[in-house]
Amino acid sequence: MAQIFRPSANLLAKSSIVGGAILVAALGFGLDTLFRSPYNTNVRVARDQPVPFSHKHHVAGIGIDCRYCHTSVEKAAFAGIPPTETCMSCHSQIWSDAPMLEPVRESFRSGKPLQWTRVHDLPQFVYFNHSIHVTKGMGCAVCHGRVDQMPLMYQENTLFMEWCLDCHRQPEKYIRPKDKVFEMGYKPAEDQSVLGARLVQEYKVRKLTDCAVCHR
Amino acid sequence: MRNKALLLIPAVAALTACRQDMHDQPKFKGLQVSGLWTNGQAVRPLVEGTIARGRLRQDPHKFAGKTGDVFAATLPAGYKADKAFLLHGQRRYNIYCTPCHGMAGYGDGMVVSRGFKAPPSYHIDRLRNQPVGYFFDVMTNGYGVMVSYASRIPVDDRWAIAAYIRALQLSQNATLADVSEADRAKMAGGRN
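Residues numbered from 1 in each chain as written. Chains lettered and ligands numbered in written order. Predicted model: local features only at pLDDT ≥ 70, side-chain atom pairs only at ≥ 80, totals over all residues. Heavy atoms only, no water.

Let's talk about the pattern of salt bridges
Applying the stated criterion across every chain, the model contains 15 salt bridges over all chains. The shortest N-O distance in the salt bridge between R128(B) and D125(B) comes to 3.9 Å. Remark: D125(B) and R128(B) occur in helix α6 (residues 125-128); sequence separation between them is 3 residues, near one turn of the helix. Given the relative accessible area of 54%, D125(B) is considered exposed. Each of the salt bridges in this network shares a partner with another, and the network as a whole consists of D65(A), R67(A), E74(A) and R92(B). (Salt bridge = Lys/Arg side-chain N within 4 Å of Asp/Glu carboxyl O. Helix = DSSP H or I, 4+ residues; strand = E, 2+ residues; numbered from the N terminus. Buried < 20%, exposed > 50% of the residue type's maximum accessible area, 1.4 Å probe, protein only.)

A look at the confidence of the model for chain B
Of all residues in chain B, 88% have pLDDT values of 70 or greater, and the mean over the chain is 87. Complex prediction metrics read pTM 0.92 and ipTM 0.86. (pLDDT = per-residue confidence, 0-100.)

Some thoughts on the interface of chain B and chain A
Each partner contributes to the interface: chain B provides 27 residues, whereas chain A provides 23 residues. When chain B packs against chain A, the two sides together hide about 2,300 Å² of surface, and 59% of this comes from carbon and sulfur. In this assembly, chain B and chain A are joined by 1 salt bridge. Notably, a salt bridge pairs E74(A) with R92(B), separated by 2.9 Å at the nearest N-O pair. Where chain B meets chain A, there are 7 residue pairs in polar contact (both at pLDDT 80 or more). Elements represented by at least two residues in the side of chain B that touches chain A include exactly α3 (83-96) and α5 (110-113) of chain B. Top contributing element to the side of chain B that touches chain A by residue count: α3(B), with 3 residues. A class-by-class count of the residues in the side of chain B that touches chain A yields 13 nonpolar, 7 polar and 7 charged. (Contact = heavy atoms within 4.5 Å. Buried area = accessible area lost by both parts, 1.4 Å probe. Polar contact = N/O pair within 3.5 Å; in protein donor to acceptor, adjacent residues only side chain to side chain. Nonpolar A, V, L, I, M, F, W, Y, C, P; charged D, E, K, R; others polar.)

What about the packing of aromatic side chains?
Taken as a whole, this structure holds 12 aromatic pairs over all chains when the rule is applied. Measuring from centroid to centroid gives 5.5 Å for F71(B) and Y134(B), while their planes differ by 80 degrees, and the two rings are edge-to-face. Of this pair, F71(B) sits in strand β2 (residues 70-71) while Y134(B) sits in helix α7 (residues 132-141); the two residues are 63 residues apart in sequence, bridging distant segments of the chain. Of the residues examined, F71(B) reaches a relative accessible area of 24% and is grouped as partly exposed. By relative accessible area, which is 10% here, Y134(B) ends up buried. Taken together, the ring pairs in this structure connect F71(B), Y93(B), Y122(B), Y134(B), F135(B) and Y164(B) into an aromatic cluster. Over the aromatic face of F182(A) sits the side chain of R67(A), whose NZ or CZ is 3.6 Å from the ring centroid. In this structure, R152(B) packs its charged tip against the face of Y68(A), placed 5.0 Å from the ring centre. (Phe/Tyr/Trp six-rings, centres within 6.5 Å; stacked < 30°, edge-to-face > 60°. Lys NZ or Arg CZ within 6 Å of the ring centre and 35° of its normal.)

Written as C-alpha cells, this is what we have:
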C-alpha cells in the first residue's frame, strides 16, 4: 500500500495545531472588534431626524439650558423629549416660515407628535434612571459627550454593561459638583483624585454593582 | 447517541444568540409609537377632568394666583420668601425665562437678539406695581406671544420664580438706604 502521508505532513500537522489556535484567536478578535465597532454600537454615528434639530445651535449658540426642553431629567427616570409646543414657544415667531420647520408646524396644527429617531436605546431588560445620576453629580457630558457641539445628535458611549460598571465601581473618577452637572465644557477646578474622593463622601455615593440594580 | 445530543447545545445556542425578544419586549414605554390610536402615541392622555388623589386644585390663591377677584399680593400659605426659596427661584428663572427676558429681566435675552419680539423690561413702573400673583398668572396662562409654561414648570417652582422676579425688581431699584448698616460699611471699604 502506498504512503498516504509524506514525511512533510508531520510539519503540516504540527503547524496546523498552532495555525488553528491562531485562527480561533483571530476570529475571536475580529468578532470582538466588530461587536465594539460603530457598526454594532452606533457610537458617533449621527442619526437622521424628521427635523434637523441642532443642539449646537440651540445649546452653544443661544445658550438654552438642557432642562428647558428635557424637563423631567432631574425628577424622573426618563429625561423627556420636548413636545411640539416647546419648539413653538420660539418658532411661532422666529424662522416661522422656514421650510425646514414645516414638520414642526404641521405637528402643532394636527396635534400629531413628531417622531424623532431614538439615538440612545438600552435593551428593555435594563433599568436606567436619570434623576439619581443627576442628583449624585454625574454630568450630562460624562455620558452623552459634548452635546453642545453636535449639529445632529449621536451617541458618545457604547452603553455596554462594562461601561456602566466602570463608573459604578469607581464613581470618584467621574463625579463633579452638583451645580456643574449641566455644564458642557466642565474642567475640575482641582485634582480629580482629591475632588472626587471628597464629593463621593459628601454626596454619599454608593458603589452599586449588584445585578438587581440594573436588571430588576 | 448521547454525544450527538450534546452537539445540539452549541447549535441551539448559536441560533438563539441573534434573537432580540428581551431587547425589544412586547410592551409599551412612554413616547413609543402605536398604530392603534389616531395620533400615533402608545400613551393615552388622561380623561378630561381626572384628578389624582391629593391633587384637587381648590386653593385659588395657590393655583390661580388670585385672592377673590384680584391678583394676590402675597405668597400662598406654606411658602416663605427666604434665601433658599429665592435661590431656587433664581435657578429656575435662569433655565426657563432668561432666553428671552435676560439674566436681569431687561428683556434682552439671546432669543430676542435673533428676532423674537422683545418682552417688556420687568423694571418699568407698570410691572413693578403688579402684585406677585400677576407673574404667577403670566407663567400659568401665557401673555400675548409668550406661551404658557404651566406644563413645564410645576406650581411650586412658578411661585419661586415669581418671588425671584420681585427680588430682581427690588435689586434694580435699590438705594443706599435699603442697605443695612453693616453692609454699607463693607461697601465703603470697597470690599465685598
